[in-house]
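Each chain, written out:
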Amino acid sequence: ARRLSIRTLAEISGLSVNTLSLIENGKTSPSVNTLSQLAQSLNVPITAFFEVNHRKRVAYQKAGERKQIVFAQGQLESLGEGMPRMGSEPFITRLEPNASSGTEPIIYGGRQFIYCLEGHITYTIEGETYPLAPGDSLIFDAYTPHFWRNTAPTSSRALLVLCPEDSSVDLPERYFIP
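Not measured: the values here are computed from a predicted model.

Conventions and cut-offs
Residues numbered from 1 in each chain as written. Predicted model: local features only at pLDDT ≥ 70, side-chain atom pairs only at ≥ 80, totals over all residues. Heavy atoms only, no water. Patch = residues over 30% accessible without salt bridge, like charges linked within 9 Å, V, L, I, M, F, W, Y side chains within 5 Å. Areas by Shrake-Rupley, 256 points an atom, 1.4 Å probe, with all protein chains shown as cover. Salt bridge = Lys/Arg side-chain N within 4 Å of Asp/Glu carboxyl O. Helix = DSSP H or I, 4+ residues; strand = E, 2+ residues; numbered from the N terminus. Pairing = 2+ DSSP bridges. Axes fitted to C-alpha atoms, helices over the stretch in contact; angles between N-to-C directions. Buried < 20%, exposed > 50% of the residue type's maximum accessible area, 1.4 Å probe, protein only. Contact = heavy atoms within 4.5 Å. Polar contact = N/O pair within 3.5 Å; in protein donor to acceptor, adjacent residues only side chain to side chain. Core = buried A, V, L, I, M, F, W, Y, C linked by side-chain atoms within 4.5 Å.

**Q** Tell me about a nonpolar patch on the surface, and please be specific about residues and values.
**A** A contiguous nonpolar patch, built from Val-32, Ile-46 and Phe-49 and spanning about 250 Å² of accessible area, is present on the exposed surface. Considering the arrangement of structural elements, one finds Phe-49 in the loop between helix H3 (32-42) and strand S1 (68-71).

Take a look at the structure:
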């Protein structure tokens, strides 16, 4: 942040260039004494080395302006667009009449939450049926084989929160587009 070279910091702190290089490249962890020397040299409290930059991020979306993911059975509206992935992805999903997840069970590491807003959506998890009507919710470990089906004669809508263990997996694609 102060745009000091390692050599300049070494001169100011009395630490060797080699030591600072090892710390900077993650090859060694500094001792409390070394951190104290650095803190004094930079005129900052030692706690400054442990502070994490928590920049506030906000994703504000007006109705009708959300990113749409269209698939054969309906569509998803991403509620978290603009936020970094951090373990959960919220969506509003609209399912066409008789839409279903297909004949192959869905399985992924993580958890899933669904809150029915309109219509009727039925989940089958390990052979047990869970019918959801408006206001009903369901949360389960998604490594359990499961299926979903819109059992309403009209479109159904739900708040869906996918919570994968591995945030690099693109769940909307995997979950809705066979």
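**Q** Provide a residue-level description of the sheet that holds strand S7 (residues 137-141), including the pertinent values.
**A** In a beta sheet, neighbouring strands are held together by backbone hydrogen bonds and run either parallel or antiparallel to one another. In spatial order, the strands read S1-S2-S3-S9-S4-S7; together these six strands make up an open sheet with antiparallel pairing. Both edges of this open sheet fall to S1 and S7, since each of them pairs with a single strand only. Sheet twist, expressed as the average angle between the axes of neighbouring strands with direction ignored, equals 20°.

**Q** Could you give an account of the sheet that holds strand S6 (residues 128-132), naming the residues involved and the relevant values?
**A** Here three strands make up an open sheet; going across it, the order is S6-S5-S8 and the pairing antiparallel. The strands lining the two open edges of the sheet, one partner per strand, are S6 and strand S8 (146-150). Recorded for the sheet is a direction-independent mean angle of 20° between the axes of neighbouring strands. Strand direction decides the pairing type here: strand S5 (residues 121-125) and S6, joined by five bridges, are antiparallel. Note on S6: the bridge partner recorded for Ile-125 is Glu-128.

**Q** Outline the environment of Arg-94, supporting the account with residue identities and numerical values.
**A** Mapped onto the elements of the fold, Arg-94 is located in strand S3 (residues 89-95). On the basis of relative accessibility, which here comes to 24%, the residue Arg-94 falls in the partly exposed class. Separated by 65 residues in sequence, Arg-94 and Leu-159 place their C-alpha atoms 9.2 Å apart. The residues contacting Arg-94, other than those within four sequence positions of it, are Phe-71, Gln-73, Gly-74, Gln-75, Ser-155, Ser-156 and Arg-157.

**Q** Describe the pattern of salt bridges, naming the residues involved and giving the relevant values.
**A** For the structure on display, the rule yields three salt bridges. Between Glu-96 and Arg-94 there is a salt bridge whose closest N-O contact spans 2.2 Å. A relative accessible area of 29% places Glu-96 in the partly exposed class. Close ionic contact of Arg-157 with Glu-118 constitutes a salt bridge, the shortest N to O distance being 3.2 Å. You can see Arg-157 sitting in strand S9 (residues 156-164) and its partner Glu-118 sitting in strand S4 (residues 110-118), a full 39 residues away along the chain. For Glu-118, a relative accessible area of 39% gives the class partly exposed.

**Q** With reference to specific residues and values, describe the environment of Tyr-123.
**A** Along the chain, Tyr-123 turns up in strand S5. Within the local environment of Tyr-123, its side chain forms a polar contact with the side chain of Gln-112, the two groups lying 2.9 Å apart.

**Q** Before we move on, could you go through the nonpolar core and cite the residues and values that matter?
**A** With 21 residues, the main nonpolar core has Leu-95, Ile-114, Tyr-123, Leu-132, Leu-138 and Trp-148 as its most contacted residues. At the level of secondary structure, the elements contributing two or more residues to this core comprise S1, S3, S4, S5, S7 and S9. Grouped together as the second largest cluster of nonpolar side chains are six residues, Leu-9, Ala-10, Leu-20 and Leu-42 included.

**Q** Give me the lowdown on the pairing of S8, citing residues and values where you can.
**A** Regular strands place their side chains on alternate faces of the sheet. What you see with S8 is a clean split: His-146, Trp-148 and Asn-150 sit on the buried side and Phe-147 and Arg-149 on the side with no burial. Looking at chain direction, S5 and S8 are connected through five bridges and run antiparallel. Looking at the pairing, Thr-124 lines up with Phe-147 of S8.

Shape descriptors only; they carry no functional weight alone.
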